[in-house]
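Analysis of the macromolecular model
Next come the chains, spelled out residue by residue.
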Amino acid sequence: MQTAFMKSCVNVAVMALEMFVCSYPELKPIQSINAHPSNCICIKFDPTGKYFATGSADALVSLWDVEELVCVRCFSRLDWPVRTLSFSHDGKMLASASEDHFIDIAEVETGEKLWEVQCDSPTFTVAWHPKRPLLAYACDDKEGKYDNNREAGTVKLFGLPNDS
């Protein structure tokens, strides 16, 4: 189960196919919402408090309006279950990743693809810098440049001056 909190003292828990909105700190159920036709894997709130996003095993990212609790947009550019999500510091961009060998970066308000960051292996996690448009991500790099006899991974950055 993935859980996220927002400033208005409401807790949203994603479990299997449903999202549960709970009071905080009591964690009493307020509402249940069918979120995806497959298991939900991750959830993130945007820093403005306007939206939250869920990623699921159906390879969809859903963007939800916090006030209305309705899905306002779906992103469907990934082919594998969504492992990780992150909103940029200003809430204008959403990065999502999976076992696909790329990270999708979308404009939140329109859903348009801004970038497709190519990766050599599946991505485990993405995180935006808290004040700049700089994305850090960690990939599974067991095969390749490093010692194949041990578990290996790397942290990479996107958004530096030479990136396109």
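Residues numbered from 1 in each chain as written. Predicted model: local features only at pLDDT ≥ 70, side-chain atom pairs only at ≥ 80, totals over all residues. Heavy atoms only, no water.

In the annotation of an unreviewed UniProt entry, the entry for the chain reads Anaphase-promoting complex subunit 4-like WD40 domain-containing protein, and the organism field reads Amphiprion ocellaris. Turning to the chain, the UniProt record has this under Sequence similarities (unreviewed entry): "Belongs to the THOC3 family." (UniProt positions renumbered as here; feature names shortened; annotations may be inferred.)

Description of the overall build of the chain
Within the chain, the regular secondary structure consists of zero helices and 15 strands. Looking at the 164 residues of the chain, the share that counts as buried comes to 44%. Nonlocal contacts in the chain, meaning residues at least 24 apart in sequence, comprise 32% of its contacts between residues at least 6 apart. Element-wise, carbon and sulfur atoms account for 52% of the exposed surface of the chain, whose accessible area totals about 9,000 Å². (Helix = DSSP H or I, 4+ residues; strand = E, 2+ residues; numbered from the N terminus. Buried < 20%, exposed > 50% of the residue type's maximum accessible area, 1.4 Å probe, protein only. Contact = heavy atoms within 4.5 Å. Areas by Shrake-Rupley, 256 points an atom, 1.4 Å probe, with all protein chains shown as cover.)

A look at the pattern of salt bridges
A side chain of one charge can pair with a side chain of the opposite charge if their charged atoms are brought near each other. For the structure on display, the rule yields four salt bridges. A salt bridge links Arg 83 to Glu 99; the nearest nitrogen and oxygen atoms lie 3.4 Å apart. On the criterion of sequence distance, the pair formed by Arg 83 in the loop between strand 8 (70-75) and strand 9 (84-87) and Glu 99 in the loop between strand 10 (93-97) and strand 11 (102-107) is long-range, its members being 16 residues apart. (Salt bridge = Lys/Arg side-chain N within 4 Å of Asp/Glu carboxyl O.)

Topic: the sheet that holds strand 11
Read across the open sheet, the four strands follow the order 9-10-11-12; overall the sheet is antiparallel. In the strand order of this sheet, the two ends are held by strand 9 and strand 12 (113-118), each with one partner. Taken pair by pair, the neighbouring strands of this sheet meet at an average axis angle of 15°, ignoring direction. Alignment of strand 11 against strand 12, held across five bridges, turns out to be antiparallel. (Pairing = 2+ DSSP bridges. Axes fitted to C-alpha atoms, helices over the stretch in contact; angles between N-to-C directions.)

Details of the nonpolar core
Within the largest apolar cluster, 14 residues are counted, with the highest numbers of intra-cluster contacts made by Ala 53, Val 61, Leu 63, Leu 85 and Leu 94. For this core, the secondary-structure elements that each account for two or more residues are strand 6 (51-56), strand 7 (61-65), strand 9 and strand 11. Leu 94 has contacts with Ala 53, Val 61, Phe 75, Leu 85, Ser 86, Phe 87, Asp 104, Ile 105, Ala 106 and Val 108, leaving out every residue within four places of it along the chain. (Core = buried A, V, L, I, M, F, W, Y, C linked by side-chain atoms within 4.5 Å.)

Considerations on unusual backbone geometry
Negative phi characterises most residues that are not glycine, and trans characterises most peptide bonds. A cis amide bond, omega 10°, links Tyr 24 with the succeeding residue Pro 25. Mapping Pro 25 onto the fold places it in the loop between strand 3 (18-23) and strand 4 (29-34). Backbone geometry places Ala 59, a non-glycine residue, at a positive phi of 70°. Mapped onto the secondary structure, Ala 59 falls in the loop between strand 6 and strand 7.

Considering the state of the cysteines
Taken as a whole and assessed by the stated rule, the structure comprises zero disulfides. With no disulfide of its own, Cys 42 has Cys 40 as its nearest cysteine by sulfur position, at a separation of 8.6 Å. Of all cysteine sulfurs in the structure, the one in Cys 74 sits closest to Cys 71, which takes part in no disulfide; the separation is 3.9 Å. The class of Cys 71 is partly exposed, set by a relative accessible area of 35%. (Disulfide = S-S within 2.5 Å.)

Looking at the environment of Lys 156
Among the secondary structure elements, Lys 156 is positioned in strand 15 (residues 153-158). Look at Lys 156 and you get partly exposed, because its relative accessible area is 24%. Placed 20 residues apart in sequence, Lys 156 and Ala 136 show a C-alpha to C-alpha distance of 5.6 Å.

A closer look at the pairing of strand 11
The element strand 11 is extensively covered by neighbouring structure, given that five of its six residues are classed as buried. For strand 10 and strand 11, the ladder comprises five bridges, and the chain directions are antiparallel. Residue pairing across strands places Ala 95 opposite Ile 105, the latter belonging to strand 11. Taken together, strand 10 and the strand that follows it, strand 11, pair antiparallel across an intervening segment of four residues. Between the antiparallel neighbours strand 11 and strand 12 lie five residues, among them Gly 111 with a positive phi of about 85°.

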